[in-house]
2 protein chains.
Amino acid sequence: MLRPTVHDVARVANVSLSTVDRVLNGRDGVRAATRERVRAAMRELGYERDIMAANLSRKRVYKVHFTLPEGSNSFMRNLAEEVRAQAREAARDRTRISISTVPPFDGRALAADLRRLRDAAPEAVPDGVVVVATDAAEVRQAVSELRGAGIEVITLVSDLPASARSRFVGIDNVSAGRTAAGLLGRFCRGQKGRIAIVAGSMLLRDHVERRLGFEQVMHAEFAHLAPMPPIEGRDAADEVERRVSEALEARPDITGIYSLGGGNGGLQRALLRVSPTPRPMVVAHELTEQSRHALQDGVFDAVLHQDIGHEVRSALDILRALIDATPVEAGRGLIRTEIFLRDNLP
Amino acid sequence: MLRPTVHDVARVANVSLSTVDRVLNGRDGVRAATRERVRAAMRELGYERDIMAANLSRKRVYKVHFTLPEGSNSFMRNLAEEVRAQAREAARDRTRISISTVPPFDGRALAADLRRLRDAAPEAVPDGVVVVATDAAEVRQAVSELRGAGIEVITLVSDLPASARSRFVGIDNVSAGRTAAGLLGRFCRGQKGRIAIVAGSMLLRDHVERRLGFEQVMHAEFAHLAPMPPIEGRDAADEVERRVSEALEARPDITGIYSLGGGNGGLQRALLRVSPTPRPMVVAHELTEQSRHALQDGVFDAVLHQDIGHEVRSALDILRALIDATPVEAGRGLIRTEIFLRDNLP
DNA sequence: CTGAAAGCGCTAACAT
DNA sequence: ATGTTAGCGCTTTCAG
């Protein structure tokens with residue numbers, strides 16, 4: 001037996017197609033009694049609307065806008081590239097993607113960009129917005145206004161907690177930090193010594209979260225391995241190289257290193273230059289050309305990674321579902337942190 | 001400007017809709033010259049067919065059958081549960097799913113079930129079959145017959161190489177084995193001793209491949225840790241418990257264990273009962289209630305996991321594409337192997 | 001408030 | 001070998 005259609009509902013409820021449609025789409029102009037009759041018919045038949053057919057008829061085009069930080073680091077450049085790549089494919093799924101970039105770490109500029117979207121000409125106003133959020137009050141406010149205008153907002157990579165954003169898509173950074181500690185602690189089993197943490201800046205939210213998770217687990221499970229205060233390398237290879245070299249020379253008992261930010265090329269050079277023995281075990285973030293080589297050469301032991309393509313795709317899926325007011329699983333959007341060793345490089 | 005439609009193509013090529021349709025679907029009854037004219041028009045306009053509309057018009061229902069091993073272990077039970085869950089959702093995507101189960105490790109029974117599908121009443125013959133394959137000649141034969149009858153066949157979780165199956169959906173099991181070795185080798189750094197391998201059956205292709213990858217890396221990178229010949233527990237907790245207990249008692253120098261199959265409850269019990277010191281490091285497969293507890297209690301150190309939901313969804317996507325004769329990316333279907341520690345349990 | 005009718009992009013009889 | 005026409009399930013004018 002085939003799925004019931006609007007026709008069946010109309011017949012059973014003894015109304016016309018248009019009335020069923022009005023009820024289906026919550027439009028008014030239907031007497032309460034009639035509406036109830038239609039609802040009853042739907043329930044009785046187990047009616048479920050065919051979204052494909054609906055979209056076809058309505059000639060629906062999902063208008064989605066991405067607001068990204070200007071290409072400060074290679075991660076963000078990759079992200080922008082990925083969005084552009086998927087913009088092409090998305091056309092086949094009735095999705096039109098636009099992109100704008102704003103200066104990084106500038107809440108004001110970001111908020112202004114979001115407001116611009118809301119105030120655009122009606123046919124240019126997007127149905128949904130994806131934003132790599134800077135954590136600032138103005139941004140929270142702007143997001144709230146977008147939502148007020150019926151625009152769905154997804155935060156990507158970096159969340160905006162306590163805001164009106166519809167969803168967050170990215171990894172769980174606390175969990176990533178915990179994972180790093182679990183690996184590094186086991187890699188250094190039976191060793192005595194210290195663990196060095198290399199971060200970009202403790203002003204970056206995801207870095208803070210990773211460190212938090214890392215120290216939670218280190219403290220609870222591997223108390224003999226005392227993490228040192230973070231070395232802040234500002235995600236810049238040169239600075240990382242200099243500071244890590246100093247640290248390695250000053251403390252020959254460094255048995256493990258957790259690099260939770262960028263600048264991994266510098267870390268790698270520092271390790272090759274100082275070459276302490278036995279070599280420290282190293283866990284870093286994001287699979288790039290640099291970190292891939294470091295893994296292959298046995299300089300890094302593990303790399304934690306977030307799959308950007310997956311994140312963008314996921315953001316689009318969730319956005320379309322939100323726009324269609326289709327139920328979206330709660331946990332959807334939490335991307336797994338992938339773990340790469342030399343042995344499972346893709 | 002909107003996407004061009006069949007109407008546009010027809011107009012430009014100066015033919016009727018039906019002719020465009022014939023060319024589009026590779027039906028014959030079109031003169032070569034006409035066909036070329038239509039093709040040219042498509043290229044000129046950049047025409048791309050709207051699959052949703054096509055399916056709507058065609059009233060297509062994808063009939064898909066899953067043949068699964070009877071619930072011997074919790075992984076397979078979860079798999080069956082997941083398939084049932086998605087059977088409900090899939091209805092919305094014009095997909096009708098049926099399921100049958102067969103005794104595990106029984107190539108004959110599996111082959112019989114597959115033949116039954118092909119020989120069913122015409123309207124009950126599925127368009128595609130998804131099967132967790134037992135590696136046996138009869139099964140290869142049955143798969144070949146299904147394909148001969150125009151039925152697409154996808155192997156799930158465990159592949160059937162050198163067979164006529166259309167695709168494989170699952171993890172790269174060689175890579176998973178390598179990953180396990182990379183982890184276990186590092187976890188046992190500085191130790192001397194032996195590594196025990198616990199497998200279900202060397203008749204299962206995925207188990208063979210995992211072992212292969214594991215030994216590759218063990219040999220190349222951690223030669224001081226000699227892997228023992230596999231203990232075959234037939235994925236049954238009791239048998240695993242018995243055999244592992246014996247092994248632990250016979251060889252107190254077991255410093256690491258790689259459990260690449262099912263029956264992890266038994267492994268866990270054996271470890272608790274014999275409780276060798278220092279406790280061996282343990283890497284196992286599949287996150288289940290059992291292995292989750294083992295991780296939390298510090299009995300297991302890492303669990304390699306395949307996301308079943310993702311696999312089932314992926315299998316259905318690919319199957320629909322195959323049935324539609326839509327091109328399917330080659331790498332599609334290779335699911336990432338996830339790594340869980342106590343610290344990043346979902 | 002409610003309904004009839006004309007599509008959306010594609011396919012499938014049924015002509016010609 | 002090609003064209004005409006009537007839908008698929010839903011939405012959207014435009015009339016009652």
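Residues numbered from 1 in each chain as written. Chains lettered and ligands numbered in written order. Predicted model: local features only at pLDDT ≥ 70, side-chain atom pairs only at ≥ 80, totals over all residues. Heavy atoms only, no water.

With an unreviewed UniProt entry as reference, chain A is termed LacI family transcriptional regulator, source organism Limimaricola cinnabarinus.

Regarding the UniProt feature "domain: HTH lacI-type" (unreviewed entry) in chain A
Following the UniProt record, the feature "domain: HTH lacI-type" (unreviewed entry) maps to residues 4–58 of chain A here. Secondary structure over residues 4–58 of chain A splits into 69% helix and 0% strand, and the C-alpha atoms at its two ends are 20 Å apart. (UniProt positions renumbered as here; feature names shortened; annotations may be inferred. Helix = DSSP H or I, 4+ residues; strand = E, 2+ residues; numbered from the N terminus.)

A short note on the nonpolar core
In this structure, L79 and L183 of chain A together with F66 of chain B are the most contacted members of the largest nonpolar core, which totals 104 residues. Discounting chain neighbours no more than four positions away, the residues touching F66 of chain B are V83, I97, S98, I99, S100, V130, L156, V312 and L316 of chain B. (Core = buried A, V, L, I, M, F, W, Y, C linked by side-chain atoms within 4.5 Å. Buried < 20%, exposed > 50% of the residue type's maximum accessible area, 1.4 Å probe, protein only. Contact = heavy atoms within 4.5 Å.)

Digging into the interface of chain B and chain A
Taken together, the 36 residues of chain B in the interface contact 34 residues of chain A. Taking both partners together, chain B and chain A bury about 3500 Å²; carbon and sulfur atoms supply 49% of that area. On the chain B side of the interface with chain A, the three residues burying the most area are R186, R189 and D343 of chain B, jointly 22% of the side's total. For the interface between chain B and chain A, the tally reads nine salt bridges. With a shortest N-O distance of 3.6 Å, D307 of chain A and R336 of chain B are connected by a salt bridge. Among the elements of the structure, α4 (51–58), α8 (173–187), α9 (205–221) and β13 (338–340) of chain B are those that each provide at least two residues to the side of chain B that touches chain A. The greatest single-element share of the side of chain B that touches chain A, amounting to seven residues, is contributed by α8 of chain B. A class-by-class count of the residues in the side of chain B that touches chain A yields 13 nonpolar, five polar and 18 charged. (Buried area = accessible area lost by both parts, 1.4 Å probe. Salt bridge = Lys/Arg side-chain N within 4 Å of Asp/Glu carboxyl O. Nonpolar A, V, L, I, M, F, W, Y, C, P; charged D, E, K, R; others polar.)

Some points on the pairing of strand β1 (residues 62–69) of chain A
All names here are of chain A. Among the eight residues in β1, seven count as buried, and that is most of the element. Pairing geometry for β1 and strand β2 (residues 95–102), over eight bridges, is parallel. Considered in β2, the bridge of L68 is made with T101. (Pairing = 2+ DSSP bridges.)

Some points on the protein's contact with DNA strand D
DNA strand D sits among 25 residues. The nearest are V6, D21 and Y47 of chain A together with S16 and S18 of chain B. The sugar-phosphate backbone supplies 64% of the atoms of DNA strand D found within 4 Å of the protein. One of the backbone nitrogen or oxygen atoms of V6 of chain A is found 2.5 Å away from a phosphate oxygen of DNA strand D. A distance of 2.8 Å separates a phosphate oxygen of DNA strand D from a polar backbone atom of R31 of chain B. Listing elements by their share of the surface near DNA strand D, those giving two or more residues are α2 (17–24) and α4 (51–58) of chain A together with α2 (17–24) and α4 of chain B. Each residue belonging to the surface near DNA strand D can be placed in one class, and the counts come to eight nonpolar, nine polar and eight charged. (Near = heavy atom within 4 Å. Polar contact = N/O pair within 3.5 Å; in protein donor to acceptor, adjacent residues only side chain to side chain.)

Concerning the relation of the copies chain B and chain A
Each copy superposes on the other: chain B lies on chain A with an RMSD of 1.4 Å after a rotation of 177° and an axial shift of 0.2 Å. Within this description, the copies of the chain are treated as partners about a two-fold rotation axis. Here 92% of the interface residues in chain B have copies in chain A that are interface residues too; the copies meet face to matching face. (Least-squares fit on C-alpha atoms with pLDDT ≥ 70 in both.)

Details of the pattern of salt bridges
Scanning all chains against the criterion turns up 58 salt bridges over all chains. Residues R11 of chain A and D8 of chain A are paired through a salt bridge, measuring 2.8 Å at the closest nitrogen-oxygen approach. On the criterion of helical spacing, the pair formed by R11 of chain A and D8 of chain A is a turn pair, its members being three residues apart in helix α1 (residues 6–13). Overall, the relative accessible area of 54% leaves R11 of chain A in the exposed class. D8 of chain A gets classed as partly exposed once you look at its relative accessible area, which sits at 21%. Note that E338 of chain A and R336 of chain B form a salt bridge whose closest N and O atoms lie 2.8 Å from each other. Of the two residues, E338 of chain A sits in strand β12 (residues 338–340) while R336 of chain B sits in the loop between β12 (334–335) and β13, which places them in two different chains.

Description of the sheet that holds strand β3 (residues 128–131) of chain A
Residue and element names in this part refer to chain A. Judged by pairing direction, the sheet is parallel, and its five strands sit side by side in the order β2-β1-β3-β4-β5 without closing on themselves. For this open sheet the edge positions go to β2 and β5 (167–169), each flanked by a neighbour on one side alone. Averaged over all pairs of adjacent strands, the angle between strand axes in this sheet comes to 20°, irrespective of strand direction. Direction of pairing for strand β4 (residues 152–156) relative to β5: parallel, over a ladder of three bridges. (Axes fitted to C-alpha atoms, helices over the stretch in contact; angles between N-to-C directions.)

Comments concerning the protein's contact with DNA strand C
Close to DNA strand C lie 25 residues, the nearest being R22 of chain A together with V6, D21, Y47 and S57 of chain B. Among the atoms of DNA strand C lying within 4 Å of the protein, the sugar-phosphate backbone contributes 66%. R31 of chain A is positioned with one of its backbone polar atoms (N or O) 2.9 Å from a phosphate oxygen of DNA strand C. One nitrogen or oxygen atom from the side chain of S57 of chain B is found 2.6 Å from a sugar or linking oxygen belonging to DNA strand C. Where the surface near DNA strand C is concerned, the elements lending two or more residues are α2 and α4 of chain A together with α2 and α4 of chain B. The element best represented in the surface near DNA strand C is α4 of chain B, accounting for four residues. Residue composition of the surface near DNA strand C, grouped by class: eight nonpolar, nine polar and eight charged.

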